[in-house]
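Close look at the chain arrangement
Each chain, written out:
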Amino acid sequence: MARDVYESPLSARYADKEMKYLFSPDMKFRTWRKLWIALAEAEMELGLPVTQEQVDELKAHAEDINYEVAQVREKVVRHDVMSHVYAYGQQCPGAAGIIHLGATSCYVGDNTDVIIMTEALQLIRNKLVGVIRVLSHFAQAYKDLPTLAFTHFQPAQPTTVGKRATLWIQDLLMDLEDVEYQLSKAKLLGCKGTTGTQASFLELFAGDQEKVRQLDRKIAVEMGFGPDQVQPVTGQTYSRKVDAAILATLSGIAQSAHKFATDLRLLCHMKEIEEPFEKHQVGSSAMPYKRNPMRSERICALARYVMADSLNPAMTASVQWFERTLD
């Protein structure tokens, strides 16, 4: 591991292996190649001059990405997608002429983003269910244990430890509903061309609109989506409101996590609850006996980051001039 270049702690310290893979170069560029294969196969099935031999050649090199060739090429053409088209073509000379046929860069870029975000949301959904399950067991175990409740952080009527935990569960259940909703409406961009009119594909299919519609459906099915899980109307990109909605959902989870962790920090101060403290853990460099709520503090810090970051895609969505711009 290089020690003389910046490394984000969001990845190095706090992300799990599965999530880091989803946002890795391998996941991104292998998905690009899967999309190019799906496009070529669908075009062949719908009658364009694409051969089975060309499709098989593309499939043979779907995983062994020649990154070095793409990097060298990008320095020349200053375009990431065309660099990878070129690199793929070097490995598949027989199919080089039909890679990316009729498509624009957003065909691979946007469709891949949707696929990665969908799989990431599925991973988050599973983790939410796990947290809700653990908290439910906790609530059940302590449902009869009385404790002082607080409003305005002032002593109020009694509650129980289990009842208080249901407040955290309820927030997370609302988040789970939002995640399920986002997953239920996930749609690929499909093949919409440079301005969303599918003009290049209509030209390839001699004006046959039904074949162009079938192309979208076939690619969606090949990539693991339903035949109708394709955006019906787009510019060059899918609407960036999709990104804003997903980040808003993540912000909701962060809000719940922050509230839960803040409650734990206050309870730690009152000695009503304590975080796990491992055998050789040091609570403080100057005061090793301290039991600082480090896990809860970390949750709050990361949650703030997500909540603040949810504003970014909202601004991006608001400045997509006409059919798209790139900021």
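In this text the structure is predicted, and so the values were computed from the model without any measurement.

Thoughts on the overall build of the protein
A tally of helices and strands in the protein yields 13 helices and two strands. Relative to a compact globule of 327 residues, whose C-alpha radius of gyration would be 20 Å, the protein shows 25 Å and is clearly more extended. Projected onto its principal axes, the C-alpha positions of the protein cover 75 × 45 × 35 Å. Residue burial in the protein is summarised as follows: out of 327 residues, 40% are buried. The long-range share in the protein, meaning contacts at least 24 apart out of those at least 6 apart in sequence, stands at 72%.

With respect to the pattern of salt bridges
In the structure shown here, the tally under the stated rule is 14 salt bridges. A salt bridge links D26 to R30; its shortest N-O distance comes to 3.8 Å. Of this pair, D26 and R30 are both found in helix α3 (residues 25-45), four residues apart, which corresponds to roughly one turn of the helix. Among the salt bridges present, the one from R291 reaches E274, with a minimum N-O distance of 2.9 Å. Note that R291 is positioned in the loop between α11 (241-269) and α12 (294-309) and E274 in the loop between α11 and α12, a separation of 17 residues in sequence. Exposure remark for R291: the relative accessible area of 39% places this residue in the partly exposed category. Ionic contacts of the salt-bridge type, sharing partners, join the residues D26, R30 and E63 into one network.

Quick word on the packing of α11 against α12
Their axes nearest at 8 Å, the elements α11 and α12 cross at an angle of 155°. The orientation of α11 relative to α12 falls into the category roughly antiparallel. For the pair α11 and α12, the crossing hand works out as left-handed. Contact with α11, carried on its side by L247, L250, S251, A254, Q255, A257, H258, A261, T262, L264 and R265, involves S296, E297, I299, C300, A303, R304, V306, M307 and D309 of α12 and no other residues of that element. Within the contact of α11 with α12, the residues separate by chemical class into 11 nonpolar, five polar and four charged.

As for the packing of aromatic side chains
Evaluation of the coordinates by the stated rule reveals seven aromatic pairs. A ring pair is formed by W32 and W36, whose centres lie 6.0 Å apart and whose planes are at 70°; its orientation type is edge-to-face. Of the two residues, W32 and W36 both sit in helix α3, four residues apart, roughly one turn of that helix. Relative to F260, the ring of W168 lies with its centre 4.8 Å away and its plane at 70°, an arrangement referred to as edge-to-face. Taken together, the residues W168 in helix α8 (residues 161-184) and F260 in helix α11 connect sequence positions 92 residues apart. For W168, a relative accessible area of 5% translates into the label buried. Overall, the relative accessible area of 21% leaves F260 in the partly exposed class. One aromatic cluster is present, formed by F29, W32, W36, Y67 and Y88 through successive ring pairs. Note that R73 overlies the ring of Y86, its terminal NZ or CZ placed 4.2 Å from the centroid. Directly above the aromatic system of F277 lies the positively charged group of R291, at a separation of 4.2 Å from the ring centroid.

Concerning the side chain of S251
Position of S251 relative to the elements: it lies in helix α11. Judged by relative accessible area, which is 6%, S251 ranks as buried. Among all residues touching S251, those that are not within four sequence positions of it are V306, M307 and S310.

Quick word on α12
Between its first and last C-alpha atoms α12 spans 23 Å; for 16 residues at 1.5 Å apiece the expected length is 22 Å, and the two agree. Among the residues of α12, S296, C300 and A303 are the ones counted as buried. For α12, the angular spread of the buried residues around the axis is 70°, confining them to a single face.

Reading the values: rules and limits
- Counting of residues starts from 1 at the beginning of each chain's written sequence and follows it residue by residue.
- Given that this is a predicted model, residues contribute local features only at a pLDDT of at least 70 and side-chain atom pairs are listed and counted only at 80 or more, while totals for whole chains, interfaces and linings are drawn from all residues.
- Only hydrogens and water are set aside; all other atoms, that is, all heavy atoms of the structure, feed into the side-chain values.
- What counts as a helix is a DSSP run of H or I of at least four residues, what counts as a strand is a run of E of at least two, and both are numbered from the N terminus.
- C-alpha atoms define the radius of gyration in this analysis, and the globule rule sets the expected value at 2.2 Å times the number of residues to the power 0.38.
- Relative accessibility thresholds used throughout: buried, under 20% of the residue-type maximum; exposed, over 50%; partly exposed, between the two (1.4 Å probe, protein chains only).
- Residue contacts are counted whenever heavy atoms from the two residues lie within 4.5 Å of one another.
- Should a side-chain nitrogen of Lys or Arg be within 4 Å of a carboxyl oxygen of Asp or Glu, the pair is scored as a salt bridge.
- Angles shown run from 0 to 180 degrees and are taken between the N-to-C directions of axes, each axis being a line fitted to C-alpha atoms and, for helices, limited to the stretch in contact.
- Throughout this description, any angle smaller than 35 degrees is read as roughly parallel, any larger than 145 degrees as roughly antiparallel, any in the 65 to 115 degree range as roughly perpendicular, and the remainder as oblique.
- In this scheme the crossing of two helices becomes right-handed for a clockwise turn of the near helix relative to the far one and left-handed for an anticlockwise turn of less than a right angle.
- As a working rule, the residues Ala, Val, Leu, Ile, Met, Phe, Trp, Tyr, Cys and Pro are called nonpolar, Asp, Glu, Lys and Arg charged, and the rest polar, with Gly in that last group.
- Within 6.5 Å between ring centres, the rings of Phe, Tyr and Trp (the latter by its six-membered ring) count as paired, and their orientation is classed by plane angle as stacked under 30 degrees, edge-to-face over 60, tilted in between.
- Placement of a charge over a ring requires the Lys NZ or Arg CZ to be within 6 Å of the ring centre, with the centre-to-atom vector within 35 degrees of the ring normal.
- In a helix, the anticipated span is given by 1.5 Å times the number of residues less one.
- Relevant arc is that of directions from the helix axis to the C-beta atoms, nothing else.

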